[in-house]
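Notes for the structure review
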Amino acid sequence: MNQIIKFSANRVWRTYQGGKLLDMIEGKETPQDSSFPEDWIGSTVEARNVGREHITEGLAMVKDEDGQLVPFRDLLEKNQDYFLGENAEGKCSMDDIPLVKYLDSSTRLHFQAHPTREFAQERLGLPRGKTEAYVIIETREDISDPYIYAGFQRSPDREQLKEWIETQDIASIESCFDRIPVKTGDVFLIPGGRPHALGEGILMLEIMEPSDLAVRFEFERCGYVIPEQARFMGKGIETALDVFNFDPVPPETVDAEFRCAPKVISTDGQGNNLEELIGSDKTSCFTIKRASVKGSFAREEEAFFYGVVVEGEGTFTVGDEVVNLKRFDRFFCPAGVKAFEYLSESGMTVLECYPGNI
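As the structure is a prediction and not an experimental result, all values here were calculated from the model.

Taken together, the side chains of Asp157, Glu159, Glu163 and Glu166 make up a negatively charged region of the molecular surface. In this structure, Glu163 sits in helix α5 (residues 158–167). Accessibility expressed as a relative area gives 45% for Glu163, which makes it partly exposed.

Turning our eyes to something else, we now look at the sheet that holds strand β13 (residues 187–190). Pairing within the open sheet is antiparallel, and its six strands lie in the order β2-β3-β8-β15-β10-β13. Each end of this open sheet is capped by a strand with a single partner; those strands are β2 (11–12) and β13. Note: strand β8 (residues 99–104) against strand β15 (residues 202–208), six bridges, orientation antiparallel. Looking across to β15, one finds that Asp104 is bridged to Leu203.

In this section: the layout of surface pockets. Quantified by volume, the largest pocket comes out at close to 300 Å³. In terms of lining residues, the largest pocket is bounded by 15 residues, among which Val45, Asp95, Pro210, Ser211 and Asp212 are the most central. Along the lines of polarity and charge, the residues of the lining of the largest pocket split into seven nonpolar, two polar and six charged. Computed from the structure, the second largest pocket encloses a volume of approximately 250 Å³. Along the walls of the second largest pocket sit 18 residues, with Arg48, Asn49, Val50, Gln229 and Ala230 positioned nearest its centre. Residues of the lining of the second largest pocket, tallied by class, amount to seven nonpolar, four polar and seven charged.

Right, let's talk about the packing of aromatic side chains for a bit. The geometry of two aromatic rings is summed up by the distance between their centres and the angle between their planes. Tallied over the full model, the rule gives 27 aromatic pairs. An angle of 80° between the planes, with centres 5.3 Å apart, marks the rings of Phe316 and Tyr342 as edge-to-face. Note that Phe316 is positioned in strand β23 (residues 314–318) and Tyr342 in strand β26 (residues 339–355), a separation of 26 residues in sequence. Across the pair, exposure class does not vary: Phe316 and Tyr342 are buried alike. An aromatic cluster is built from Phe111, Tyr147, Tyr149, Phe152, Phe177, Phe217, Phe244 and Phe246, whose rings are joined through pairwise contacts. One residue, Arg179, lies across the ring of Tyr147, its end atom 3.9 Å from the ring centre. Between Arg299 and the ring centre of Phe297, over which it is positioned, the NZ or CZ distance is 5.6 Å.

All right, on to the environment of Asp33 then. Assignment of secondary structure puts Asp33 in the loop between α1 (20–26) and β3 (38–41). Classification of Asp33 by relative accessible area gives partly exposed; the value is 28%. The spacing of Asp33 and Asp212 is 179 residues in sequence and 22 Å in space, taken between C-alpha atoms. In contact with Asp33, other than residues within four places in its own chain, are Gln17, Gly18, Gly19, Lys20, Ser106 and Arg140. In this structure the side chain of Asp33 is engaged in a polar contact, spanning 3.0 Å, whose partner is the backbone nitrogen of Lys20. A distance of 2.9 Å separates the side chain of Asp33 from the side chain of Arg140, its partner in a polar contact.

Cut-offs used in this document
- Residues numbered from 1 in each chain as written.
- Predicted model: local features only at pLDDT ≥ 70, side-chain atom pairs only at ≥ 80, totals over all residues.
- Heavy atoms only, no water.
- Patch = residues over 30% accessible without salt bridge, like charges linked within 9 Å, V, L, I, M, F, W, Y side chains within 5 Å.
- Areas by Shrake-Rupley, 256 points an atom, 1.4 Å probe, with all protein chains shown as cover.
- Salt bridge = Lys/Arg side-chain N within 4 Å of Asp/Glu carboxyl O.
- Lys, Arg positive; Asp, Glu negative; His and termini not counted.
- Charge placed at Lys NZ, Arg CZ, Asp CG, Glu CD.
- Helix = DSSP H or I, 4+ residues; strand = E, 2+ residues; numbered from the N terminus.
- Buried < 20%, exposed > 50% of the residue type's maximum accessible area, 1.4 Å probe, protein only.
- Pairing = 2+ DSSP bridges.
- 1 Å grid on protein atoms, 1.4 Å probe; cavity = no way out; pocket = protein on both sides within 12 Å on 5 of 7 lines; lining within 4 Å.
- Points joined across faces, edges and corners; volume = space filled by probe spheres on them.
- Nonpolar A, V, L, I, M, F, W, Y, C, P; charged D, E, K, R; others polar.
- Phe/Tyr/Trp six-rings, centres within 6.5 Å; stacked < 30°, edge-to-face > 60°.
- Lys NZ or Arg CZ within 6 Å of the ring centre and 35° of its normal.
- Contact = heavy atoms within 4.5 Å.
- Polar contact = N/O pair within 3.5 Å; in protein donor to acceptor, adjacent residues only side chain to side chain.

These results come straight from atomic positions and should not be treated as a statement about function.
Shown next, in the form of structure tokens:
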């Protein structure tokens with residue numbers, strides 16, 4: 001069996017519209033936006049879609065040693081030591097695997113907030129919250145000013161927000177935020193508790209704790225009304241309001257709070273660079289690196305990672321195994337692979353998504 005596992009498309013139904021660029025990546029004849037705006041890359045997490053419980057979605061499928069399609073999660077569980085290895089606290093578990101997605105929005109997403117890990121453990125009895133990161137891959141040509149919302153720049157008090165949510169006064173909710181401009185290559189970290197929304201026309205890689213927990217405090221987008229059970233994680237509005245971090249993030253501190261500057265880890269002066277986009281100083285939930293390849297780039301790593309090619313093409317070599325990579329390909333490199341090599345004559349950029357505490 002190949003050591004490096006490449007993934008095919010794994011589209012997931014969501015409550016908003018998008019996905020045209022994902023259709024194009026898959027080579028579909030008539031790309032169009034739909035209710036499948038996300039591709040969950042090598043996912044070990046099931047999607048929580050109220051009203052679609054009869055459909056298993058979210059879990060990635062791969063071929064096993066016999067060529068049979070099985071959930072990627074099952075493959076990992078059979079040999080966790082090889083695939084997942086160890087972190088600073090001991091053996092990695094399935095809960096340490098980040099959820100990595102392509103997300104392609106054609107509309108602004110719902111206003112939402114996600115629980116912190118502590119909230120999920122203490123109040124929901126679940127191991128992980130949903131701190132998340134965005135790496136902007138590209139924006140649509142017809143969107144002149146792409147943006148995200150993150151944190152309240154002008155915080156309402158709890159009772160005021162409750163009233164706005166109950167009456168769906170979206171104009172008042174939106175007035176609490178300023179648009180944060182984004183461009184290709186930008187990196188953001190949105191901690192659990194911070195309210196946010198992604199603007200329209202953005203293709204990004206989203207990396208998060210392995211859960212699908214969300215407080216959606218805007219109930220309707222593009223004509224679809226979110227069922228009550230799906231709005232507040234199956235809880236009441238008071239529990240939902242407990243999720244929010246109401247501390248204001250003034251405009252002058254937005255970049256320091258959410259935007260992440262790359263740190264160079266290594267460079268050879270020949271076009272091969274390794275950068276840390278999000279490290280342990282930002283969050284314990286995951287680590288993100290970016291490898292820029294020009295020629296041969298030999299690497300050594302101790303942890304498993306998901307790789308996503310965001311620019312160019314090349315190869316990934318482990319021993320005698322050579323894996324061809326092109327733009328938008330995604331793959332998994334096990335912890336048992338300690339040394340590998342990227343090769344690209346024309347240039348290639350790979351985002352690498354690791355577990356936390358490595």
